[in-house]
Each structure stands twice: as structure tokens, then as C-alpha cells.
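Examining the three-dimensional arrangement
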Amino acid sequence: MVTTKTKDGGAARWVRPLVRKLHAYVPGEQPKIRGLIKLNTNENPYPPSDRVLEAVRGAVDGRMRLYPNPTAEGLRVKLARLHGCDPAQVIVGNGSDELLAMAVRCFVEPGVAGGGGGRAGSRPSGRQIVQYFDPSYSLYPVLADIHGAVRNAVPLGDDFGLPTVAGLRRGGRWRFDAALTLVTTPNAPSGRGYATAELEGLCRAMRGVVVLDEAYVDFARENAMELALRHPHVLVSRTFSKAYSLCFQRVGYFVGHPDLVGALHKIRDSYNVNGLGQVAAEATLGDLGYYRANFRKVVATRERLASALAAHGFTVSPSDTNFLLVKPAGPSARDWLGLLRERRILVRWFSAPGLDDRLRISIGTDAEADRLLRAVGEVLGKGGKGVRSGRGGGRGS
Ligand SMILES: Cc1ncc(COP(=O)(O)O)c(C=O)c1O
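**Thoughts on the nonpolar core**
- Core analysis: the biggest nonpolar cluster contains 102 residues, and V130, L180 and L235 have the highest contact counts within it.
- Per element, the largest residue contribution to this core is 6 residues, and it comes from helix 4 (residues 96-107).
- Counting contributing residues, this core receives three or more from each of domain 1 (28-47 + 289-390) and domain 2 (50-286).
- Setting aside anything within four residues of it in sequence, one finds V130 in contact with V104, V108, Y140, L143, A144, A149, R151, L180 and L182.

Take a look at the structure:
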């Protein structure tokens, strides 16, 4: 048995004070129960293509004793071709999460002894700042804290629109000298898409590195890849997790200036992308037609679900992603979480102020959307009676 307490304060005393104070990122629930409709983590409801599954199966043999290609070279070459750039402008990660963490380590000076937030009253140097909008991807503050960087979370307006540069200057809170600015585009969890022209205006005004986190961009009308190819301080982050049904394999990538990409390569783990992930991602790029048809299905289901939920009295934020952020009618958002769970449907509720009156619903298949709509009708038909408290909350993807 492990002794948890010792006279001198326990084994935790060997852990750095910064790490002791950290709050770990809370990912969405991955339940063990079968038969649940999972609309809580923005996974794709459609499986990887047959060609991808075949390629992965075909790679499961004695070669697994060998290390994979250290830089995912084959995949980088294909990605470079897809985006019209040089392979030296592409780095692949163990999910885009890994690359986001690397960007913090690569571009931001750790400066806060105790981690998080900065010292009250002092104006931190821009070199120490990780900046992002609030709400946006809730991993960013966690990454800043892990690194001992200073967080600068700047609130978005009620419609989650991208503030103008003039508005940010007037607001006074935005730091144009931040070492690293992370912009989720389209935004999560709001779903709101941003026009490339607006993003370019913001990028032009920034003096540090800007990462445009396009995890959901395949479901959107526009993408901003051209900005990473045009501006030396802009990186675009993409993932195979959402649009390409490959969460399980953990493959994401950045595109940007070779000097920034080269710097990221220096701090990468030697074999950061697993071999089967490389195989699966390469095969995915060989079967894009299958995936593009799936994007269209997801978008069609999203639009249908948005109208049907609005007809039930929900307020639905416009979405350019594979999820909807809604203010539900009737019971509170937190109660809806429990009510839908009782009906074997998982959605996401965030306890954060400004979001706690909403639910985030990932787009599933048409049949799953129908099940959700039936459950909604049932709850509202009962006038929200028998409401039980929801579970979960917190932060996460
Ligand atoms: C905005 C955003 N960026 C990045 C990620 C991470 O994706 P990956 O699976 O590539 O690590 C997520 C996952 O939920 C996300 O929502």
C-alpha cells in the first residue's frame, strides 16, 4: 500500500509549488455506459473512411517494433501539397493540443513564480503574456498556468463577435505586445465564425505570435490558412480530430513561417506522433472526398437542429462548427444536462460565468438529432417537471 501521509507534509512537497497550485484541464466525459448518444465532446458522428481503416490495419504488423518517422515527414509533405506551401512550414503534433502547449513553451517567457494571472498591480511584460478571448478554448489558460506565464483573457461581447482593433484599443485590456495570442476560429464554445479579413486586421496589429486555432474550420464558410502563408508571425492550427473522425489517433498540425516552425521542432519530443496516427492521417488525405461529404451532412444536420431547437423556444447562437451553443427554454441549462442524461443523451454544460445558462450540443447523425428533439419535446411537454440537478460542468473540449 502507498503511504499517503508522512510527518513532513507528504510526497507533494517534492512537487514544484506552481504545479501544486494548478487546476488540471477537465476534458468532456467519455462514459463507459453503452448506448448513450454522445453529443458532448464535438467528435464526428461518422467513422473514418474504409480506406483509412484498411491502411491502419495494414500497418499493424512486425514493423511496430520500429520507431515511427520522427518528423512525420510523409504526412508533412502531403499537408504541404494540400496547403500550397513547403514541408518546412508544417509541424505535426500529438493532437493540436500538443502543438498549442509547445507554442506556449516556445514563444512565451515564464515569469510568474506561483503561476497564473501575474502579480497584482504590476504590469507584466508582453513577453510573458498568453492572450486569448473569453470565452474561447478553455485549454489556453491551463497551458499558460502550466508554463508560469501571465494570462490575459479579454471578454468577448454578448454575440461572441471578433472585436475590432479600434475597439480593443479603446477597451485598454488587450495587449498588442503579447508574446502569444491564441484565437479560436471559428470560436468554441460559441460556434461563431470569423471572417478572414477581420482576422487579418487583428493579426496585422499584433507584435507577437498569433495562433489561429482552426480546429473546427472544415465546417465553416471561410478559413484563414492564407494568413499563415502571408504573415511571418501567424500560425494556423488544424486537427484531424473533428472533421476527419480521428480523435483516437491524436494528430494535429501547425502551418506557418519556417523560422517559427523550425523553433517548434527544436522543442518537440523526438517521436511525438505515433506511427499508426501518421498512417491514418496520410490515408485520410488520400480520401478527402469521403470527408467532404461528411462535412456537408454535419452542416445540414446542424442547420436543421438549429431551426428545430429555435422552434422549441431555445436561443441558438449562429454556428460555423460541428456544435451549437444554445440557451434552452424551460428548465435551467444545468437541469437540462441531467434531464437529457436521464434520456441517455450527453451534452455539455459549462459552469463558467456567462456560459452557465447555455448548453453546447455536438452535431451527431440525423437519427441522433431526432432523438434529441424527441427528448426536448418530452421535457417541455412536461413543463420541466421532475427536474433533477445536472452533473458535470467545469471546462473542457
Ligand atoms: C478549439 C480547439 N482547439 C484544439 C482542440 C484540440 O484538438 P486535438 O484533438 O487536435 O488535440 C480542441 C478540442 O476540443 C478544440 O476545441
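**Some thoughts on the sheet that holds strand 6 (residues 209-213)**
- The strand order 2-8-7-6-5-3-4 describes an open sheet built from 7 strands, whose pairing is mixed. Of all strands in the sheet, those bounded by a partner on one side alone are strand 2 (90-93) and strand 4 (150-155). If you compare each strand with its neighbour and ignore which way they point, the axes differ by 20 degrees on average.
- By the bridge criterion, 4 bridges tie strand 2 to strand 8 (residues 252-255) in an arrangement that is antiparallel. Of the residues in strand 8, the one forming a bridge with V92 is Y253.

**Considering the domain arrangement of the protein**
- The domain boundaries assigned to the protein delineate domain 1 (28-47 + 289-390) and domain 2 (50-286).
- The C-alpha-based centres of domain 1 and domain 2 are spaced at 27 Å.
- The interface of domain 1 with domain 2 comprises 23 residues on the first partner and 20 residues on the second.
- Within the residue set of the side of domain 1 that touches domain 2, elements represented by two or more residues are helix 11 (288-311) and strand 10 (323-327).
- Broken down by element, the side of domain 1 that touches domain 2 gets its largest block of residues, 4 residues, from helix 11.

**Focus: the packing of helix 4 against helix 5 (residues 139-147)**
- Running from N to C, helix 4 and helix 5 point in directions that differ by 45 degrees, and their axes come no closer than 10 Å. Here helix 4 lies oblique to helix 5, going by the angle between them. Of the two elements, helix 4 crosses helix 5, and the hand of that crossing is right-handed. Where helix 4 approaches helix 5, its residues D97, L100, A101, V104 and R105 are matched on the opposing element by L139, L143, A144 and H147.
- Among the residues making up the contact of helix 4 with helix 5, the classes are represented as 6 nonpolar, 1 polar and 2 charged.

Definitions and cut-offs
- Residues numbered from 1 in each chain as written.
- Predicted model: local features only at pLDDT ≥ 70, side-chain atom pairs only at ≥ 80, totals over all residues.
- Core = buried A, V, L, I, M, F, W, Y, C linked by C-beta atoms within 7 Å.
- Buried ≥ 20, exposed ≤ 12 C-beta atoms within 10 Å, placed from the backbone.
- Helix = DSSP H or I, 4+ residues; strand = E, 2+ residues; numbered from the N terminus.
- Domains from an automatic or database assignment.
- Contact = placed C-beta atoms within 7 Å.
- Pairing = 2+ DSSP bridges.
- Axes fitted to C-alpha atoms, helices over the stretch in contact; angles between N-to-C directions.
- Parallel < 35°, antiparallel > 145°, perpendicular 65-115°, else oblique.
- Left-handed = near helix turned anticlockwise from the far one by under 90°.
- Nonpolar A, V, L, I, M, F, W, Y, C, P; charged D, E, K, R; others polar.

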